[in-house]
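Residue-level structural notes
What follows is the residue order along each chain.
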Amino acid sequence: MPMAFHRPTNPKPKPRSQILFFTLAIAAIALLYLFSTLMSTSGFSFSSSSKTLNMVFNPNNRNGHERIHKGHEKYLYWGDRIDCPGKHCDSCEGLGHQESSLRCALEEAMFLKRTFVMPSRMCINPIHNKKGILHHSDNISSEERWAASSCAMDSLYDVDLISDTVPVILDNSKLWYQVLSTSMKLGHRGVAHVEGINRVDLKEDSRYSNLLLINRTASPLSWFMECKDRNNRSAMMMPYSFLPSMPSKELRDAADKIKALLGDYDAIHVRRGDKIKNRKDRFGVERSLHPHLDRDTRPEFILRRIKKWIPPGRTIFIASNERTPGFFSPLSVRYKLAYSSNYSWILDPLIKNNYQLFIVERFIIMGAKTSIKTFKEDETELSLTDDPKKNTKSWQIPVYTMDEEGR
């Protein structure tokens, strides 16, 4: 029995109209194929071939629906890992350093009006990970070790949301492979491997500005070293808050649930652990790069510091790398305390590594009425200590009591 079809009640379509339509469609496809062949073998400018690339569908949509890439027609590639290629391929910096490098690359893509090819994975420093995804074995390859000590970039950040500001594709997308294929066909007209060339020349010099792809992998430095004006905030195109405000949808949803449960709250980020490092000088005297940090991040001193900013009775969300159980309990004499561990039923099914946990906690802190950081990075920010965050040379004797600063 033949399968029944639901047919519209309008008159039968004219056979000639259908034949004409299909004839024109086939002709158009043939012309497009001929045109693309000419572009790959002749001296056509890149601007034409890049438009063809924008017709390729990008599979990076988490919802399973393909979307057309709407980025710039030219691309910027810095490497398949943050700070790598270069001397940092065998090492893995913390999330803060990697975000500085990533922000630098995104800034350059924004300045050059190019789509940034973002690494599809981020390495996880074992010092900052206690969630057990790192597997130590001498019998695995470097690639297997990399996969075991890294996580998917889109498990940390909302790539689509980032693309609203700086168009981004991941380096495991179909579009990126299409870009690579096209750049190889175009040869020297398609790609340039650059090192030591400033972004102004990359933008204004036609030897680079008209190319399909600029490849930055020749530099042996950390990516953020390419942004030498980072201390000049007026020269920055992207604020420090950009990536912290771009958590993946799953992480954002979890943070929003916790924020709703917290209600009206304040927050402090207390960084101890890795920053409290002492060493002995040649006379056997203990010295520290952050001489007041251990003191300033203890509960009794936190109470002294924050009382002028947070009134008694408030709920304080605490994010910290301090692992001593009950370390912050003395704060409860004045405040109601909350930690991410109080919401394990929300986070445990989702969190696979400490980078994800930190991103959730950071987003919660951003939603607080009053938020206090460990170190002051901006004159308008509140901080627990006045020690500078970046200090690599001046080792001083640690201070554990109230000193002449009168705090």
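Scope of this entry: the structure provided in the associated data block. (Residues numbered from 1 in each chain as written. Predicted model: local features only at pLDDT ≥ 70, side-chain atom pairs only at ≥ 80, totals over all residues. Heavy atoms only, no water.)

Here's the deal with the state of the cysteines
Across all of its chains, the model carries one disulfide by this definition. A sulfur-sulfur distance of 2.0 Å marks the disulfide that ties C92 to C123. Residues C92 and C123 share a disulfide whose torsion about the S-S bond is about 105°; that sign makes it right-handed. Here C92 is found in the loop between β3 (75-77) and α3 (95-112), whereas its partner C123 is found in strand β5 (residues 121-123), with 31 residues between them in sequence. You can call C92 buried: its relative accessible area is 18%. Taking the relative accessible area as the measure of exposure, C123 reaches 9% and is therefore buried. Note on C151: no disulfide assigned, nearest cysteine sulfur contributed by C123 at a separation of 8.9 Å. (Disulfide = S-S within 2.5 Å. Helix = DSSP H or I, 4+ residues; strand = E, 2+ residues; numbered from the N terminus. Buried < 20%, exposed > 50% of the residue type's maximum accessible area, 1.4 Å probe, protein only.)

Here's the deal with the pattern of salt bridges
This model, assessed by the stated rule, comprises 14 salt bridges. One salt bridge connects R362 with E99, and the closest N-O pair in it is separated by 2.8 Å. You can see R362 sitting in helix α13 (residues 354-366) and its partner E99 sitting in helix α3, a full 263 residues away along the chain. As far as the burial class goes, R362 and E99 line up, both buried. (Salt bridge = Lys/Arg side-chain N within 4 Å of Asp/Glu carboxyl O.)

Regarding the environment of D281
Its location among the elements puts D281 in the loop between β11 (278-280) and β12 (286-288). C-alpha separation for the pair D281 and W395, spaced 114 residues apart in sequence, amounts to 9.0 Å.

Side note on the packing of aromatic side chains
One pass over the full model with this rule turns up five aromatic pairs. Seen in terms of ring centroids, F327 and F328 are 5.0 Å apart; in terms of plane orientation they differ by 85°. Their pairing is edge-to-face. On the accessibility criterion, F328 (5% relative accessible area) is buried. The residue whose ring lies beneath R199 is F111, and the NZ or CZ to ring-centre distance is 5.9 Å. (Phe/Tyr/Trp six-rings, centres within 6.5 Å; stacked < 30°, edge-to-face > 60°. Lys NZ or Arg CZ within 6 Å of the ring centre and 35° of its normal.)

Quick look at the sheet that holds strand β15 (residues 371-372)
Sheets are built from strands paired through backbone hydrogen bonds, the pairs being either parallel or antiparallel. Taking strand neighbours across the sheet as the criterion, the four strands line up as β14-β13-β10-β15 in an open arrangement whose pairing is parallel. Of all the strands in the sheet, just β14 (336-338) and β15 have a single pairing partner and so form its edges. Bridge count for strand β10 (residues 266-270) against β15 is two bridges, and the pairing is parallel. Within the sheet, the bridge partner assigned to A267 lies in β15 and is S371. Sheet strands touched by α13: β10, β13 (315-320) and β15. Its angle to β13, the strand with the most contacts, is close to 150°. (Pairing = 2+ DSSP bridges. Contact = heavy atoms within 4.5 Å. Axes fitted to C-alpha atoms, helices over the stretch in contact; angles between N-to-C directions.)

Here we look at unusual backbone geometry
Notably, D83 is not glycine yet its phi reads approximately 65°, a positive angle. Mapped onto the secondary structure, D83 falls in the loop between β3 and α3. Note on D83: relative accessible area 3%, which makes it buried. In this model, K113 sits at a positive phi of 55°, which is unusual for a non-glycine residue. Looking at the secondary structure, you find K113 in the loop between α3 and β4 (115-118).

Re the pairing of β13
Counting buried residues in β13 gives six out of six residues, a clear majority hidden from the surface. Across five bridges, β10 lies against β13 in parallel orientation. Bridged to I268 within β13 is I318. Strand direction decides the pairing type here: β13 and β14, joined by three bridges, are parallel. Residue I316 lies in a different strand from β14, and its bridge partner there is L337.

Details of the packing of helix α9 (residues 249-262) against α13
The geometry of α9 relative to α13 is characterised by a closest axis approach of 9 Å and an angle of 45° between their N-to-C directions. By the angle class used here, α9 and α13 are oblique. By crossing handedness, the relation of α9 to α13 is classed as right-handed. Residues L251, R252, A255, D256, I258, K259 and L262 of α9 lie in contact with α13, whose contacting residues are Q356, I359, V360, F363 and I364. In terms of residue class, the contact of α9 with α13 is built from eight nonpolar, one polar and three charged. (Parallel < 35°, antiparallel > 145°, perpendicular 65-115°, else oblique. Left-handed = near helix turned anticlockwise from the far one by under 90°. Nonpolar A, V, L, I, M, F, W, Y, C, P; charged D, E, K, R; others polar.)

A short note on the nonpolar core
Judged by nonpolar contacts, the single largest core of 57 residues is most densely connected at L102, L106, F116, M118, Y157, I162 and F317. The element best represented in this core is α3, accounting for seven residues. Excluding its chain neighbours within four sequence positions, the residues that come into contact with Y157 are L95, E99, L102, M122, I162, L243, M246, P247, S248 and I359. In this structure, I302, I306, I318 and I372 belong to the second largest nonpolar core, which totals 14 residues. (Core = buried A, V, L, I, M, F, W, Y, C linked by side-chain atoms within 4.5 Å.)

Re the sheet that holds strand β7 (residues 168-170)
With parallel pairing, five strands are arranged side by side in an open sheet as β7-β4-β3-β9-β8. Strands with a single pairing partner mark the edges of an open sheet, and in this sheet they are β7 and β8 (191-193). Each strand of the sheet is rotated relative to its neighbour by a mean of 20°, with strand direction disregarded. Sheet strands touched by α3: β3, β4, β7 and β9 (213-215). Its angle to β4, the strand with the most contacts, is close to 155°.

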